[in-house]
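Understanding the architecture of this molecule
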Amino acid sequence: MTASTQLPATPPATPAESTTPTTPTTKEHPAIDQEPQAPAAGPDPARRPDPVELRADCIADSAGGLTFDLSAPEDTPASWNAALVLRLRGGDGADDEIRLPLGPNGSGRLRAVLPSTVALAEGRWNAYADLGDGRNPQRLRPGVNDLRSLVDRRPLAGIGRLGVRIPYATKYGNLALRSWLRGPHAEAGDIVVTPDGMTVSGRLYGASPAAGAEAEARARRKPPSTDAGRDRVTVPLTVEGQHFRFTLPYEELAGSWRRGSEPWDLWLRPAADARPVRIARLLDDVADKKQVFSYPALPVRAAAAQVRVGPYYTLDNDLAVRVAGPEEPGE
Amino acid sequence: MHISFLIHNAYGIGGTIRTTFNLARTLAERHDVEIVSVLRHRDTPVFDLGPGVALRHLVDMREDGPGYEGDDPAHRRPAKVFPAAENRFAQYSELTDRRIAQHLRRIEADVVVGTRPGLNVHIAKQARRGPVRIGQEHLTLDTHPRELKLALRGAYPRLDAVTTVTEADARAYRTLRLPGVRVEAVPNSVPAPGLLPADGSGKWVVAAGRLARVKRYDVLIRAFAQVAEQRPDWRLRIYGGGAEKAGLRALIDELGLYNHVFLMGPANPLEPEWAKGSIAAVSSSLESFGMTIVEAMRCGLPVVATDCPHGPGEIIEDGVDGRLVPVGKPAALAAALLDLINDDEARKRMGRAALAASVRFDPAMVAGRYESLFDELLARRRGHRLRGTWHRTRGALLSGAYATKDAAQSAVRGVRTA
């Protein structure tokens, strides 16, 4: 937040106030003859920093590329250095700002393209328009996001590094992108939960499952257990081509529960000596999976108490399992 | 001509606001159009009004703004003109009574259009002589409480026309016997979506609406259990938020449908979400119109809907651009969905038919119907000044007569139940 936005919206009282005309006093209640305030009276400048709101329609292609179409204000000169600017939230490095040339696209619209080949670091990217008119880049509002080609996205399994960008409207109604950049990547599909455990099916991209492939649950708790083995549970992987499947029994997770709500992150090791990859759900049009892909948490009897165990997606759309004690409210 | 709409709150989110904006924006291409919002709680409207329509408010309810009027003592005293049996009564007051009266006394429009019963009553009773007075019904007469129906029967004879969104509701209004008052069904309008229609290849069924009891999403979810059993490759998305969410979530878990049925949360705009599907589903027990049906059709989706009162049967042609099934029957809904799921050719053909048939709801078409209605009423007004005066006098007399009769009936009933 900049200092200027912290200034009070109304200026402090000054002597000049006495010269401003006051409402004439009448015998009737002031509300009676008071004209309703028309918007023509002018918006409060502090509330509307931008004169014209810029909206961007966004079309996704199945390879991960995005095309932005802006409805530019009529008097916008098509500047040679106009650009759609993407800024990584919380980033300040050289790679944390990307400028995409913004050119005329007929019918008074401006177009910018983010090809799938441009790498975007993982995170949330805010979208701005720099119209090349010397003013600061202006935050974009979302228009129509046509993401149908992302809904059942099935990239080629051999893809080395997988880029995923999902445009969405922020809490404040601005346009932003969520980005993931992973290789290899383990994509979670259907999950079946039973009182004994959960079975996850999915696809592996950028690696081929080989002998010794396994799935691994790692307790996130701090501090870790004195017996490190209790913070890690591995199960074998069934593989068929790029498809994988594993069943994670709840018993061990429940048995090592100590207190409160304990999350476990799920990883996949494609081969005995391979680097583990995070299991996540990225290949569709849903920017935030947590609320949409929701699974039952089932009661499991453990030594200490009865706990509830169930899978969920983290805020980064990674797959995790929560073991919650009896006093913890359910998700 | 100069057309003035009177709306409860143009700054909120809802079907009436959306459809009024669509209509106003289209009429503004050839007329002077203003929307007068009784209340205002936000700086800018949520929906796009376009540059041609003037928008203003009568009472400022922006709590953080300098013009906040919600603490006016007159706003704490109950309304006298706005009918007590109206849903929104609690938000009306002596202050709104006064501001609306003031607005209607000074109005300089040729046509004034009310967008809900309480405001139509204001227009009937308080609009100055001159403008054509039109009362829109966006819900239905049948669903109003008896006291409100009486209030409407008392006031509406002083309107020039009442518009409903379905023929079924127009028939209901005609039974009220409002002599000289045109009763006409004009459907809500839905603009062409700003994106390509669905191609019918995705294996998704889409539904959208408030998660409220009346939408019967429990029936849809139970139906989808039968669908998923036969076609596990198809899935269902339900867009919208609301009070039923937790219950529906529990039902999905209970039926083990968490890999097939998804509660997506609210979405605005909805068009891109329809375009992701291949079939739209509506399970409601009541739809005063059926805006989502038209929206889905305009995106090229065939709609499987319950044949509930009032709208679906007037929008969907069964077997041509969608399917109509009995209310509250999961098996019937599932069978109709499976028919379309299992027949790619029929599904795509019906999708194309839906796209073509829904053009009649385009704002240009609907605004055209309103234009002719306004023209005819204005002509009647100009050509037959005497008749106009007679209509007004008769309206006033009838209002009085109905009021007396209804008061007498209530008095009798009061005695009997005492």
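Residues numbered from 1 in each chain as written. Chains lettered and ligands numbered in written order. Predicted model: local features only at pLDDT ≥ 70, side-chain atom pairs only at ≥ 80, totals over all residues. Heavy atoms only, no water.

You'll find chain B entered in an unreviewed UniProt entry as D-inositol 3-phosphate glycosyltransferase, with Streptomyces chattanoogensis given as the organism.

Moving on, we get to the overall build of chain A. Along chain A, the regular secondary structure elements total three helices and 22 strands. For chain A, buried positions account for 46% of its 331 residues. Surface summary for chain A: the accessible area is close to 17600 Å², and the carbon and sulfur share equals 53%. (Helix = DSSP H or I, 4+ residues; strand = E, 2+ residues; numbered from the N terminus. Buried < 20%, exposed > 50% of the residue type's maximum accessible area, 1.4 Å probe, protein only. Areas by Shrake-Rupley, 256 points an atom, 1.4 Å probe, with all protein chains shown as cover.)

Time to look at the environment of Asp218(B). All names here are of chain B. One can find Asp 218 in helix H7 (residues 217–230). Distance from Asp 218 to Leu 248, taken between C-alpha atoms, is 6.4 Å for residues 30 residues apart in sequence. The residues touching Asp 218, leaving out its near neighbours within four places in the chain, are Leu 248 and Leu 251. (Contact = heavy atoms within 4.5 Å.)

This part is about the UniProt feature "domain: Glycosyltransferase subfamily 4-like N-terminal" (unreviewed entry) in chain B. Mapped onto the present numbering, the UniProt feature "domain: Glycosyltransferase subfamily 4-like N-terminal" (unreviewed entry) falls at residues 14–188 of chain B. Annotation note: span residues 14–188 of chain B, helix share 33%, strand share 19%, distance between end C-alpha atoms 13 Å. (UniProt positions renumbered as here; feature names shortened; annotations may be inferred.)

Once that is clear, we can look at helix H12 (residues 330–342) of chain B. Helical geometry note: an α-helix holds 3.6 residues per turn, so side chains three or four residues apart project in the same direction. Residues and elements named next belong to chain B. Over its 13 residues, H12 extends 18 Å from the first C-alpha to the last, a length consistent with the 18 Å expected when each residue adds 1.5 Å. Listing the buried residues of H12 in full gives Leu 333, Ala 334, Ala 336, Leu 337, Leu 338, Leu 340 and Ile 341. In this fold, the buried residues of H12 make contact with strand E8 (204–208), H7, strand E11 (279–282), strand E12 (303–306), strand E13 (322–325) and helix H13 (344–357). (Expected span 1.5 Å × (residues − 1).)

All names here are of chain B. Of the two faces of E11, both are covered, the one formed by Ile 279 and Ala 281 as well as the one formed by Ala 280 and Val 282. Pairing of E11 with E12 involves three bridges; the strand directions are parallel. Residue pairing in the sheet places Ala 280 in a bridge with Val 303 of E12. Handedness of the crossover joining E11 and E12 through helix H10 (residues 291–298) is recorded here as right-handed. (Pairing = 2+ DSSP bridges. Right-handed = clockwise from strand over helix to strand, strands pointing away.)

It is worth spelling out the confidence of the model for chain B at this point. Interpretation of the predicted coordinates at a detailed level should be avoided for regions scoring low in pLDDT. Residues and elements named next belong to chain B. Residue-level pLDDT values for chain B average 92, and 92% of them are 70 or greater. Segment residues 411–418: pLDDT under 50, and one contact once partners within four positions in sequence are set aside and those in other chains are kept. Among the scores for the predicted complex, ipTM is 0.82 and pTM is 0.84. (pLDDT = per-residue confidence, 0-100.)

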